[in-house]
Amino acid sequence: MDDEAIAGEVMLSARTAARLTGRTCRTLQRWCEEGTLPSVAVNGKGKRMIPVDALAPLLPLPLDDALRGLLGRAEGGDGEAALALGLALREAGKPALALAWFQEAAEAGNADAMHWLYQAYFQGLGTPRNRTLGIKWLAEAALRGHAIALHQIEQLRLGP
């Protein structure tokens, strides 16, 4: 692919593409180096961006304008977009992929994503069950004022 991005085209880093497709960053980078997967150089350090349309066959969700918009915003660090992607992947039966997006959104301070992480770890959805980590995320969500998390923490405090 040409070294200049087409105006308006959604471009993803290998990290974002890996989180979306379930492939490793290294695999995607190798495909870019081999020319199997088109990419665009974005700086002198060799960082490459991948057009989202080139990833369409690897995606667990149908690629439409709504998904393109979410991916563009998530690539820019938008926690709400990351949460929406996590929810879409969870709904599509891809809990392990959803977990990575919930993590991304939680790291951006999204309390809803923190609560979803609590559920995933506590129940072992897309990850091995880890109740300690689940409770940590429940507490983080409660600290940010998440109403359901606050209620659940209160229930834990009061006991049965």
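One can find the structure itself at the top, above this paragraph.
Here's a quick rundown of the structure.

Analysis parameters
Residues numbered from 1 in each chain as written. Predicted model: local features only at pLDDT ≥ 70, side-chain atom pairs only at ≥ 80, totals over all residues. Heavy atoms only, no water. Helix = DSSP H or I, 4+ residues; strand = E, 2+ residues; numbered from the N terminus. Expected span 1.5 Å × (residues − 1). Buried < 20%, exposed > 50% of the residue type's maximum accessible area, 1.4 Å probe, protein only. Arc of directions from axis to C-beta. Contact = heavy atoms within 4.5 Å. Polar contact = N/O pair within 3.5 Å; in protein donor to acceptor, adjacent residues only side chain to side chain. Pairing = 2+ DSSP bridges.

1. Brief notes about helix H7 (residues 131–143)
The terminal C-alpha atoms of H7 lie 18 Å apart, and with 13 residues this matches the ideal 18 Å at 1.5 Å per residue to within 8%. Where H7 is concerned, the buried positions are Gly134, Trp137, Leu138, Ala141 and Ala142. With its buried residues spanning 140 degrees around the axis, H7 presents them on a single face. Along H7, exposed side chains directed more than 90 degrees from the buried face belong to Thr132 and Leu143. Looking at the packing, one finds that the buried side of H7 touches helix H5 (95–107), helix H6 (111–123) and helix H8 (147–158). Of the residues that open H7, the one with a side-chain oxygen 3.3 Å from the backbone nitrogen of Thr132 is Asn130. Positive phi shows up at Gly145, right after H7, with a value of about 85 degrees.

2. Observations concerning the pairing of strand E3 (residues 48–51)
In the case of a regular strand, side chains alternate between the two sheet surfaces. Looking at chain direction, strand E1 (residues 11–13) and E3 are connected through three bridges and run antiparallel. By the bridge assignment, Leu12 is partnered in E3 with Ile50. Bridge count for strand E2 (residues 40–41) against E3 is two bridges, and the pairing is antiparallel. The residue bridging Ala41 from the neighbouring strand is Arg48, located in E3.

By themselves, these are just geometric observations and shouldn't be taken as functional.
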